Amino acid sequence: DLRALVRADSNRWASQRALWTLDGIGKLTSADVQQALESTHPNVRKDAIRLSRKFLSDPVVVQKLLKASLETNGEILLECALALGDIAAPFATPSTGVSSTQSIDLSAIASTLASLVVANPSDDWLATAVLTSAKDRSTAILSSFSSAAQRGSLQSTPVALRFIRELASITGVRGDIAELRRLLQ
């Protein structure tokens with residue numbers, strides 16, 4: 001049974017292949033991804049994060065992604081940034097088109113994305129991954145990033161400075177005057 005291999009967590013290769021096989025045959029569930037996100041093996045967790053993008057309307061999956069963003073493994077953090085960036089506001093499931101953001105805290109997502117760059121100010125790949133998600137939340141990310149700078153928890157690195165410039169550009173290009181006022185206050 002493929003699900004038993006995911007749950008067993010004793011053999012990372014078997015768990016990974018079981019996850020991808022379940023996905024390939026269209027039988028992967030949110031529960032499978034949640035189980036794999038709790039794996040003791042970083043590569044299983046990384047694959048689970050990739051596969052979680054199909055279940056971003058599930059608040060439990062999103063909470064587990066937010067938890068995974070606290071890890072130190074760079075590959076896991078990169079996958080978290082990309083997955084969290086896929087959560088739209090409001091999130092509409094492709095199959096039903098029904099909004100399902102009632103239990104998903106979108107400000108926590110923006111704050112988490114900013115904190116990934118604050119905690120890893122020299123990781124250009126991670127900063128770029130966060131920028132890819134900034135279209136609809138650039139102001140919230142920039143505000144969180146600015147708060148970290150004011151607290152003194154931000155290192156001034158070339159990557160961090162480029163990140164701020166590009167994020168400010170995204171915010172400015174959107175041309176939302178009310179949003180810009182909130183940011184500058």
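Because the structure is predicted, anything quoted here is derived from the model rather than measured. (Residues numbered from 1 in each chain as written. Predicted model: local features only at pLDDT ≥ 70, side-chain atom pairs only at ≥ 80, totals over all residues. Heavy atoms only, no water.)

Draft legend 1. Up close: the overall build of the protein chain. Of regular secondary structure, the protein chain possesses 11 helices and 0 strands. Moving toward the C terminus, one meets the helices and strands of the protein chain in the order α-α-α-α-α-α-α-α-α-α-α. In terms of C-alpha radius of gyration, the protein chain reaches 18 Å, essentially the compact-globule figure of 16 Å for 185 residues. Once the C-alpha set of the protein chain is aligned to its principal axes, its extents read approximately 55 × 35 × 20 Å. A burial count over the protein chain gives 43% of its 185 residues as buried. Put simply, of all contacts in the protein chain between residues at least 6 apart along the chain, 65% involve residues at least 24 apart. For the protein chain, the centre of its 20 positive side-chain charges and the centre of its 18 negative side-chain charges are spaced 1 Å apart. (Helix = DSSP H or I, 4+ residues; strand = E, 2+ residues; numbered from the N terminus. Rg over C-alpha atoms; globule rule 2.2 N^0.38 Å. Buried < 20%, exposed > 50% of the residue type's maximum accessible area, 1.4 Å probe, protein only. Contact = heavy atoms within 4.5 Å. Lys, Arg positive; Asp, Glu negative; His and termini not counted. Charge placed at Lys NZ, Arg CZ, Asp CG, Glu CD.)

Draft legend 2. Spatial organisation of the side chain of Lys46. Relative to the helices and strands, Lys46 is located in helix H4 (residues 42–52). In this structure Lys46 comes out as buried when scored by relative accessible area, which is 15%. For Lys46, the residues in contact, after removing those within four places along its chain, are Glu75, Ile76 and Glu79.

Draft legend 3. Here's a closer look at the side chain of Thr112. Within the element layout of this structure, Thr112 appears in helix H7 (residues 106–119). Not counting residues up to four positions away in its chain, the partners in contact with Thr112 are Leu66, Ser69 and Leu84.

Draft legend 4. Structural view of helix H3 (residues 30–37). Most of H3 is tucked away: 6 of the 8 residues are buried. Turning to H3, its buried residues are Ser30, Asp32, Val33, Gln34, Ala36 and Leu37. On its buried face, H3 sits against helix H1 (2–8), helix H2 (12–24), H4 and helix H5 (59–68).

Draft legend 5. Looking closely at the nonpolar core. Membership of the largest hydrophobic core comes to 48 residues, with the highest contact counts inside it found for Leu19, Ile49, Ile109, Leu113, Ile141 and Phe163. Top element by residues in this core is H7. It accounts for 7 residues. Not counting chain neighbours up to four residues away, the residues in contact with Leu19 comprise Val6, Leu28, Asp32, Ala36, Val44, Ala48 and Leu51. (Core = buried A, V, L, I, M, F, W, Y, C linked by side-chain atoms within 4.5 Å.)

Draft legend 6. A look at the packing of H4 against helix H6 (residues 74–85). Across the interface, H4 lies against H6 with an axial gap of 9 Å and an inter-helix angle of 10°. The pairing of H4 with H6 is recorded here as roughly parallel in orientation. Residues Pro42, Asn43, Arg45, Lys46, Ile49, Arg50 and Ser52 of H4 lie in contact with H6, whose contacting residues are Glu75, Ile76, Glu79, Cys80 and Ala83. Of the residues belonging to the contact of H4 with H6, the class tally is 5 nonpolar, 2 polar and 5 charged. (Axes fitted to C-alpha atoms, helices over the stretch in contact; angles between N-to-C directions. Parallel < 35°, antiparallel > 145°, perpendicular 65-115°, else oblique. Nonpolar A, V, L, I, M, F, W, Y, C, P; charged D, E, K, R; others polar.)

Draft legend 7. How the structure looks around the pattern of salt bridges. Inspection of every chain in the model, using the stated rule, returns 12 salt bridges. Here Glu38 ties to Lys64 by a salt bridge, and the two come within 2.6 Å at their closest N and O atoms. Of this pair, Glu38 sits in the loop between H3 and H4 while Lys64 sits in helix H5, placing them 26 residues apart in sequence. The partner of Arg50 in a salt bridge is Glu79, and the shortest N-O contact between them spans 2.9 Å. Taken as a pair, Arg50 in helix H4 and Glu79 in helix H6 lie far apart in primary sequence, 29 residues in all. For Glu79, a relative accessible area of 8% gives the class buried. By sharing partners, the salt bridges in this structure join Glu38, Lys64 and Lys67 into a single network. (Salt bridge = Lys/Arg side-chain N within 4 Å of Asp/Glu carboxyl O.)

Draft legend 8. The environment of Val173, seen in detail. Inspection of the secondary structure assignment puts Val173 in helix H10 (residues 158–174). With 38 residues separating them along the chain, Val173 and Lys135 place their C-alpha atoms 9.9 Å apart.

In short, geometric facts, not functional conclusions.
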